[in-house]
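# Architecture at a glance
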Amino acid sequence: MGMNMSEKILARHAGLDHVEPGQLVVCRLDMVLANDVTGPPSIKEFEKTGRPVFDRTKIALIPDHFQPAKDIKSAELAKIMRDFAHKHNILHYYEQGRVGIEHVILPERGIVGPGMLTIGADSHTCTYGAVNGFSTGVGTTDLAVGIATGEAWFKVPEAINVHLTGKKPQDISGKDVILTLIGMIGVDGALYKSLEFTGEGVASLSMTDRLTIANMAIEAGAKNGIFPYDDVCRAYVEGRMTKPFAPVAADADARYAQTVEIDLSALRPVVSFPHLPENTKRVMDIGAPIAIDQVVIGSCTNGRLEDMEIAASILKGHKVHERVRCIVIPGSPYVYEESMKRGYLAIFMEAGAAISTPTCGPCLGGYMGILAAGERCVSTTNRNFRGRMGHVDSEVYLAGPHVAAASAILGRIAAPEEVA
């Protein structure tokens, strides 16, 4: 029996010729990641080992969640990371002004790539499957061990084959694809499984689409999400990766626990209603208008240049509705600078939107857009749990940049074609 993409990466990093679902393996790691929330407790546990870091070039410490520091506590958390990074001469530590959202800058800068095995003390570490790697979130103790030893243990997951056909329409992005999938299988539909995306439809997905889709694999309970190494992936990583990499491809007889079929050409803009990502509805099927108070465009899910381009194309020549706050957060300094050069930031400002420095900010209820009781937000972030972005009586509706921008203009949840 052949192996799928995830099994091949785990087998390679465990030094084995073959692995089976459910098998426990110890693997060597290519990258270990932490942020300003998870890094400090991991550092505390690491220091108990009395060991040096396993490899200063294979550790990424990214201060992005509450940074630039919003208060004294967040400043102190950042200082713990900063001091540790300087002490151990960590290669991938980036200070404010040069840092971005972790899951935006690591692929962007070629720090993660095809065939690599990455763990991170952040659940959305699964993003890097978009570039044909195996990446997953872990707890702070596992991360501390990874920093010390360069190893981690895994239970080889079963895999779900998400077979994509057709070509996505122009008003559809990766966010619509993954929200549709989660709506089909539920938030626990892929519990501790690998979501492996296959089929002719993959070719029509941009790298931004793939990064968004892989990012939200965890919202279906998945251990990881992974895409094949094809022409789109090759074009993205070549010129970014400065070290050798070894892509993987599923064998023709690879095993899958189940197959889910999605025809991309049949998709329509969707939104996920509170308080779970699985509560997906097509915007066209929403009955009475749903007025909103805020729109957030950004995050590790939709803070890339293509997301800014989509939002700008819809907001151009329009104004944000008088009752709506629209907050735009480019995901990295590169995205910010390119958005400025291409005129996207000017479009956002002319529309009446606020533009933030790169940060996770409001996604996790940090800052830069906290909701009050009774307020509703359309957000391109990844979670809409109760209280996720503020008061427990607020509501978050998840959507892609097309729907978010259109909703900002009309003051209600809206599809892009509704904008004149």
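All values reported here derive from a predicted model rather than from experimental measurement. (Residues numbered from 1 in each chain as written. Predicted model: local features only at pLDDT ≥ 70, side-chain atom pairs only at ≥ 80, totals over all residues. Heavy atoms only, no water.)

## Section: the overall build of the protein
- Scanning the protein from terminus to terminus reveals 13 helices and 18 strands.
- Against the globule reference of 22 Å for 420 residues, the protein gives a C-alpha radius of gyration of 20 Å, in line with a compact fold.
- By the burial criterion, 59% of the 420 residues in the protein qualify as buried.
- With the model as given, the accessible surface of the protein reaches about 15,600 Å², and the carbon-plus-sulfur share is 52%.
- Distance between charge centroids for the protein: 4 Å, based on 41 positive and 48 negative side chains. (Helix = DSSP H or I, 4+ residues; strand = E, 2+ residues; numbered from the N terminus. Rg over C-alpha atoms; globule rule 2.2 N^0.38 Å. Buried < 20%, exposed > 50% of the residue type's maximum accessible area, 1.4 Å probe, protein only. Areas by Shrake-Rupley, 256 points an atom, 1.4 Å probe, with all protein chains shown as cover. Lys, Arg positive; Asp, Glu negative; His and termini not counted. Charge placed at Lys NZ, Arg CZ, Asp CG, Glu CD.)

## Digging into the nonpolar core
- If you look at the biggest cluster of nonpolar residues, it comprises 39 residues, and the most contacted ones within it are Val271, Val295, Leu315, Cys326, Phe348, Val378 and Ile413.
- It is helix α10 (residues 305-315) that provides the largest number of residues to this core, a total of seven residues.
- In this view, Val271 contacts Asn279, Thr280, Lys281, Val283, Ile286, Tyr397, Leu398, Ala399 and Ile413; residues no more than four positions away in its chain are not counted.
- In this structure, Val162, Val177, Leu195 and Val396 belong to the second largest nonpolar core, which totals 35 residues. (Core = buried A, V, L, I, M, F, W, Y, C linked by side-chain atoms within 4.5 Å. Contact = heavy atoms within 4.5 Å.)

## Side note on the packing of aromatic side chains
- All told, the structure shown has five aromatic pairs when counted by the stated rule.
- With a centroid separation of 4.6 Å and 10 degrees between ring planes, the pair formed by Phe197 and Phe227 is classed as stacked. Of the two residues, Phe197 sits in strand β9 (residues 193-198) while Phe227 sits in the loop between β10 (224-226) and α8 (231-237), which places them 30 residues apart along the sequence. For the pair formed by Phe197 and Phe227, the shared burial category is buried.
- Positioned above the aromatic ring of Tyr236, the side-chain terminus of Arg240 is 3.9 Å from the ring centre.
- Above the ring of Phe273, the side-chain terminus of Lys281 is found at 4.4 Å from the ring centroid. (Phe/Tyr/Trp six-rings, centres within 6.5 Å; stacked < 30°, edge-to-face > 60°. Lys NZ or Arg CZ within 6 Å of the ring centre and 35° of its normal.)

## Side note on a nonpolar patch on the surface
- On the surface, a nonpolar cluster with roughly 360 Å² of combined accessible area is contributed by Leu24, Val26 and Trp153.
- Relative to the helices and strands, Trp153 resides in strand β7 (residues 151-155).
- A residue is classified by how much of its surface remains accessible, and Trp153, at 54% relative accessible area, is exposed. (Patch = residues over 30% accessible without salt bridge, like charges linked within 9 Å, V, L, I, M, F, W, Y side chains within 5 Å. Salt bridge = Lys/Arg side-chain N within 4 Å of Asp/Glu carboxyl O.)

## A short note on the domain arrangement of the protein
- For the protein, the domain assignment lists domain 1 (5-264) and domain 2 (269-418).
- Placing a centre on the C-alpha atoms of domain 1 and another on those of domain 2 gives a separation of 24 Å.
- Contact with domain 1, which involves 40 residues of that partner, is made by 40 residues of domain 2.
- At the boundary of domain 1 with domain 2, total buried surface from both sides reaches about 3,100 Å², with 60% on carbon and sulfur atoms.
- Three residues, Ile101, Lys175 and Leu179, lead the burial of domain 1 against domain 2; their summed loss comes to 19% of the area buried on that side.
- Across the domain 1-domain 2 interface, the total number found is one salt bridge.
- Among the salt bridges present, the one from Glu219 reaches Arg383, with a minimum N-O distance of 3.0 Å.
- In this structure, the connection of domain 1 to domain 2 is made through 22 residue pairs in polar contact (both at pLDDT 80 or more).
- Those elements that provide at least two residues to the side of domain 1 that touches domain 2 are α4 (102-108), α6 (174-185) and α7 (207-215).
- At six residues, α6 tops the list of elements feeding residues into the side of domain 1 that touches domain 2.
- Here the residues of the side of domain 1 that touches domain 2 sort into 13 nonpolar, 17 polar and ten charged. (Domains from an automatic or database assignment. Buried area = accessible area lost by both parts, 1.4 Å probe. Polar contact = N/O pair within 3.5 Å; in protein donor to acceptor, adjacent residues only side chain to side chain. Nonpolar A, V, L, I, M, F, W, Y, C, P; charged D, E, K, R; others polar.)

## Looking at the sheet that holds strand β2 (residues 31-35)
- One open sheet holds the five strands; their spatial order is β4-β3-β2-β5-β6, and the pairing between them is parallel. Of all the strands in the sheet, the pair left with one neighbour each is β4 (92-93) and β6 (134-137).
- Across four bridges, β2 lies against strand β3 (residues 59-62) in parallel orientation. Pairing of Leu33 across the sheet is with Ala60, part of β3.
- Set on the sheet, helix α3 (residues 72-87) makes contact with β2, β3 and β4; between it and β3 the angle comes to about 150 degrees. (Pairing = 2+ DSSP bridges. Axes fitted to C-alpha atoms, helices over the stretch in contact; angles between N-to-C directions.)

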